[in-house]
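The primary structure of each chain is shown beneath.
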Amino acid sequence: MYMIAATASLNSIDYGFDIGVSSGVALYLREGFDLRDVQVGWFFSIVPITAGLGAMVAHWLSDRFGRRGNFLATQFVGIAGVTLCALSVSYEMILVGRCLVGISMGIGMSIDPMYISETAPAEHRGKLTTWAEISTNMGIVLGFFVNWLFEDLPENVNWRVMLLCGVLLPSLLIILTLTFMPESPRWLITKGRTEEAKSVLTRTHPPGTDIDAVVHAIDEDIKQAELYEATTWKSVVCAAKQYRHTVWLAFFIAVAQQINGVEGVLFYAPTLYERAGVAETKQDQFTLTVTMGLVKVLFIGVSMAALDSVGRRPLLIFGSLGTALSLVMVSLGSYRELDVGILAVVGTFAYVAFFSIGFGPVCWLYASELFPSTLRSKGMSLCVLLNRAGASIVNLCFLPLSDLLGGQAALFGVFTAITAMITVVAAFAAIETKGKTLEEISAPKGVL
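Residues numbered from 1 in each chain as written. Predicted model: local features only at pLDDT ≥ 70, side-chain atom pairs only at ≥ 80, totals over all residues. Heavy atoms only, no water.

You'll find the protein entered in an unreviewed UniProt entry as Hexose transporter 1, with Symbiodinium natans given as the organism. UniProt, in its Subcellular location (unreviewed entry) section for the protein, records the words "Membrane". Per UniProt, the comment on the protein under Subunit (unreviewed entry) is "Homodimer." (UniProt positions renumbered as here; feature names shortened; annotations may be inferred.)

This next bit is on the packing of helix α15 (residues 312–333) against helix α17 (residues 359–369). For the pair α15 and α17, interaxial distance at closest approach is 9 Å and the crossing angle is 140°. Classified by the angle between their axes, α15 and α17 sit oblique to one another. Crossing of α15 over α17 shows left-handed handedness. Contacts between α15 and α17 involve Arg312, Arg313, Leu316, Ser320 and Thr323 from the former and Phe359, Val362, Leu365, Tyr366 and Glu369 from the latter. Across the contact of α15 with α17, the residue classes break down as five nonpolar, two polar and three charged. (Axes fitted to C-alpha atoms, helices over the stretch in contact; angles between N-to-C directions. Helix = DSSP H or I, 4+ residues; strand = E, 2+ residues; numbered from the N terminus. Parallel < 35°, antiparallel > 145°, perpendicular 65-115°, else oblique. Left-handed = near helix turned anticlockwise from the far one by under 90°. Contact = heavy atoms within 4.5 Å. Nonpolar A, V, L, I, M, F, W, Y, C, P; charged D, E, K, R; others polar.)

On to helix α19 (residues 408–429), then. Between its first and last C-alpha, α19 extends 31 Å over 22 residues, near the 32 Å set by a 1.5 Å rise per residue. The complete set of buried residues in α19 reads Gln408, Ala409, Leu411, Phe412, Phe415, Thr416, Thr419, Ile422, Thr423, Ala426 and Ala429. Along the long axis of α19, the arc covered by the buried residues comes to 160°, so they all point the same way. Those residues of α19 that are exposed and aimed more than 90 degrees away from the buried face are Met421 and Phe428. (Expected span 1.5 Å × (residues − 1). Buried < 20%, exposed > 50% of the residue type's maximum accessible area, 1.4 Å probe, protein only. Arc of directions from axis to C-beta.)

The next subject is unusual backbone geometry. Although it is not a glycine, Asp34 sits at a positive phi angle of roughly 55°. Structurally, the position occupied by Asp34 is in the loop between α1 (2–32) and α2 (37–86). Given the relative accessible area of 64%, Asp34 is considered exposed. A positive phi angle, close to 75°, is found at Asn156, a residue other than glycine. Topologically, Asn156 is positioned in the loop between α4 (122–149) and α5 (158–164).

Inspection of every chain in the model, using the stated rule, returns eleven aromatic pairs. With a centroid separation of 5.8 Å and an interplanar angle of 45°, the aromatic rings of Phe251 and Phe371 are classed as tilted. In this pair, Phe251 is assigned in helix α11 (residues 241–259) and Phe371 in the loop between α17 and α18 (376–404), connecting sequence segments 120 residues apart. For the ring pair Phe318 and Phe354, a centre distance of 5.5 Å and an interplane angle of 65° mean the geometry is edge-to-face. Residue Phe318 is found in helix α15, and its partner Phe354 is found in helix α16 (residues 342–357); the two are separated by 36 residues along the sequence. A network of ring pairs unites the aromatic residues Trp248, Phe251 and Phe371 as a single cluster. For the cation-ring pair, Arg98 lies above Phe43, with the distance from its terminal atom to the ring centre recorded as 4.2 Å. (Phe/Tyr/Trp six-rings, centres within 6.5 Å; stacked < 30°, edge-to-face > 60°. Lys NZ or Arg CZ within 6 Å of the ring centre and 35° of its normal.)

So, on to the nonpolar core. Counting residues in hydrophobic clusters, the biggest one holds 111 residues, and the most contacted among them are Tyr273, Met292 and Tyr366. For this core, the leading source of residues is α1, giving 14 residues. Residue contributions to this core reach at least three from each of two domains, namely domain 1 (1–181) and domain 3 (235–447). Beyond its immediate sequence surroundings of up to four residues, Tyr366 is in contact with Leu249, Ile253, Arg312, Arg313, Leu316, Ala430, Ile431 and Thr433. (Core = buried A, V, L, I, M, F, W, Y, C linked by side-chain atoms within 4.5 Å. Domains from an automatic or database assignment.)

This is the structure in structure tokens:
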């Protein structure tokens, strides 16, 4: 099970790598192609926009061809997009390549946590599903590191090499998907391939586990969902009363994870440090950004260790409150007249730490847990669509809105207010799912 989770998480490393490497590549593209703030915003936001489109295809791929087929589709599309970006001779070519990268990410984000969640034993699901999140953070740091490593290459070559490094992990995952990864046992059961599912469950569950009981519970969950007609798009968007709370909670957290400004902080970190007056050179900007990424990875490890003991709900609320307070520091540090730019550094470090404890892992863990088996792929697709829509808005509006409000200080003040409201809603709405099987969580009695 650990090997399966690690293999699936390579997809998340690749997703994080694009976030990390793009923050540095954008600096060179701005100079090399003489881009305006709006064009830089589109460079970042076109990926989450098209990721939403990819997410809407992902459920069809997942349900028709299985989770493994989804993994393969993701990697081939992603490799094509990265290669086109790296070989581009115009801004328009880069955008086309970024569209392909976005579609790949949307498909991948819909499958990664869901696959691990469907395969893992209940008592280890929180920790193992969090591997997708820690892998995303490792990918972000890897992207930051590649920026730093190839900074001194000749102009117009450095950013191309940075991007091309992004084809290595997808190539490895294609090989592992074809040779090692099993199909999701829950998908196999929905297709009537029960014996194959038992074989996979035997491999992924501890010795002595009553596999027949696990299969029976999955069968009952599928029958229960069919009883409440929880099999169509309408039943996701307009969920039956028995599932309404968990479904809408998953959607809320998917949106909330992005509208607090996280990708704005990650993508625009070098720009943020420059405008705060604490990093004048690209080397200084990349050094601070790499350090921020390392902090993010460290604290996702803390969350991984606590999700199956402390629980999802306490970590979500604590992390949300911490991100709100951290944004106050970022806002003050970004106010040049106060001359406390160091607060922007401390604030971003604190922000990614609290985000990695709460929103980061809990968002996708909830999304993979809160839907019944018959709706999981569709629900996950909609969660990714909503999440990427929030990211698109933040990425596209970050620089223009910052200028409109008179600086980053006011913009981060807005993010502070949004995050504070999210914290209040989470305190009332979040539920606890630790230690429960997916079938227990989605059972109607678990919602009442």
